[in-house]
Protein chains: 2
Amino acid sequence: MELAEDEHTLVVALRDAGHRLTDARRAVWTALGDGDSDAHLSVDDIVERTHAQGAGVDRATAYRALGLLEELGLVRASQLDAGAPVQWERAHPDEHFHLRCTVCGDVEHHVGTLVATVREHLDAGHGFRADTVELTVHGRCARCRDH
Amino acid sequence: MELAEDEHTLVVALRDAGHRLTDARRAVWTALGDGDSDAHLSVDDIVERTHAQGAGVDRATAYRALGLLEELGLVRASQLDAGAPVQWERAHPDEHFHLRCTVCGDVEHHVGTLVATVREHLDAGHGFRADTVELTVHGRCARCRDH
DNA sequence: CTAGTTGCAAATGTTTTGCAGTCTC
DNA sequence: GAGACTGCAAAACATTTGCAACTAG
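Because the structure is a prediction, the values reported are computed rather than measured.

Would you mind showing me how to read the protein's contact with DNA strand C here?
Neighbouring DNA strand C are 18 residues, the closest being Arg 20 and Tyr 63 of chain A together with Thr 22, Arg 25 and Thr 61 of chain B. Here Arg 20 of chain A contributes a side-chain N or O atom positioned 2.7 Å from a base oxygen of DNA strand C. One nitrogen or oxygen atom from the main chain of Asp 58 of chain B is found 3.3 Å from a phosphate oxygen belonging to DNA strand C. Of all the secondary structure elements, the ones that give two or more residues to the surface near DNA strand C are α4 (59-71) of chain A together with α2 (23-33) and α4 (59-71) of chain B. Counting residues per element, the surface near DNA strand C draws most heavily on α4 of chain A, which supplies 4 residues. For the surface near DNA strand C, a count of residues per class yields 7 nonpolar, 4 polar and 7 charged.

So what exactly am I meant to see when it comes to the interface of chain A and chain B here?
By a widely used convention, the size of an interface equals the accessible area lost when the partners come together. Of the residues lining the interface, 34 residues belong to chain A; the matching set on chain B comes to 34 residues. The largest share of the area that chain A buries against chain B comes from Phe 128, Arg 129 and Arg 145 of chain A, three residues that together contribute 21% of it. Counting across the chain A and chain B interface gives 4 salt bridges. One salt bridge in this structure joins Asp 123 of chain B and Arg 145 of chain A, with 3.1 Å as the shortest N-O distance. For the pair chain A and chain B, the interface holds 16 residue pairs in polar contact (both at pLDDT 80 or more). Every element with two or more residues in the side of chain A that touches chain B is listed here: β3 (96-101), β4 (107-111), α5 (114-126) and β5 (129-140) of chain A. Split into classes, the residues belonging to the side of chain A that touches chain B amount to 15 nonpolar, 11 polar and 8 charged. In this sheet, strand β5 (residues 129-140) of chain B lies alongside β5 of chain A in antiparallel orientation, the contact comprising 11 bridges.

Would you mind going over the relation of the copies chain A and chain B with me for this structure?
Put simply, the second copy of the chain is the first one after a rotation about an axis and a shift along it. With an RMSD of 0.2 Å, chain A superimposes on chain B once it is rotated by 179° and translated 0.0 Å along the axis. The transformation just described matches what one would write down for a two-fold rotation axis. Closest approach to the rotation axis among the C-alpha atoms of chain A is made by Leu 135 of chain A, whose C-alpha sits 2.2 Å away. A high fraction, 100%, of the interface residues of chain A reappear at the interface in chain B, so the copies pair face to face through one surface.

Calculation rules
- Residues numbered from 1 in each chain as written.
- Chains lettered and ligands numbered in written order.
- Predicted model: local features only at pLDDT ≥ 70, side-chain atom pairs only at ≥ 80, totals over all residues.
- Heavy atoms only, no water.
- Near = heavy atom within 4 Å.
- Polar contact = N/O pair within 3.5 Å; in protein donor to acceptor, adjacent residues only side chain to side chain.
- Helix = DSSP H or I, 4+ residues; strand = E, 2+ residues; numbered from the N terminus.
- Nonpolar A, V, L, I, M, F, W, Y, C, P; charged D, E, K, R; others polar.
- Contact = heavy atoms within 4.5 Å.
- Buried area = accessible area lost by both parts, 1.4 Å probe.
- Salt bridge = Lys/Arg side-chain N within 4 Å of Asp/Glu carboxyl O.
- Pairing = 2+ DSSP bridges.
- Least-squares fit on C-alpha atoms with pLDDT ≥ 70 in both.

Shown next, in the form of structure tokens:
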């Protein structure tokens, strides 16, 4: 049931944009949904997971699939660390941003009004129409803050 | 006068941390101060400027110098576009973030209370102690918003 | 003089691209 | 069947590193 719903999202988005549903795209999409949905996966992580699933996808193909899914608004890329490989996650309807703990390395999502606040603030006060708000905070999480 | 003050900042920071003042570091620092101080320069831009100044610095050396100056808090790196080369600017005492116009490509600085607001919000409401807040907004600036 | 720095060249790691074969629609 | 898609290998980038020569303190 969950799987079916997942696939449905993918199928519809691809077809509506005139693209084909292929094993590779399905495998990448599935890999992003595995386990905890908060996962931030590098392209290599994703490729690895597709192999574990039995439908091994090539790295180049994974890059192409992710690029397409990003265009379609199904996935989201973030550069949590400059220089490090880009990390991918399924797009979430709520705007959120990333809290990266520099001690334990954990990445949490933070959903809230903050992004909307930023957007309004800029529109009203600055005439800037925000499309995407990329907010990453590095610091120490509640567990690690006292060392 | 302005140049002398510039250099002073650099000299003091380097010496206090036990590093040497070299032509290469001075050239990189100067390159970042050239022209409009709002410039966001890639490493290649910086190298190019050092050559224009007459004190040509190697790319590897520029990377090393920037890494050091970043540690000393004199410069700041930002990844305005995932995948694109990192861009550098002199550190500014005010916390600010970047507004990137997707039409004209311009990058403006926005100084204000927003970053502090984010920081407080996370500390009070979430127990997260923020060290660095990286906020980049992509959208259309006041000039380009109406196409 | 001596350890910190530099330039050059080569290595690393990520992402992109060209192309012949494959598979979806 | 036609054109979109894939895998493989090679290319293109940004960034880092090893090392011998150089130089600031």
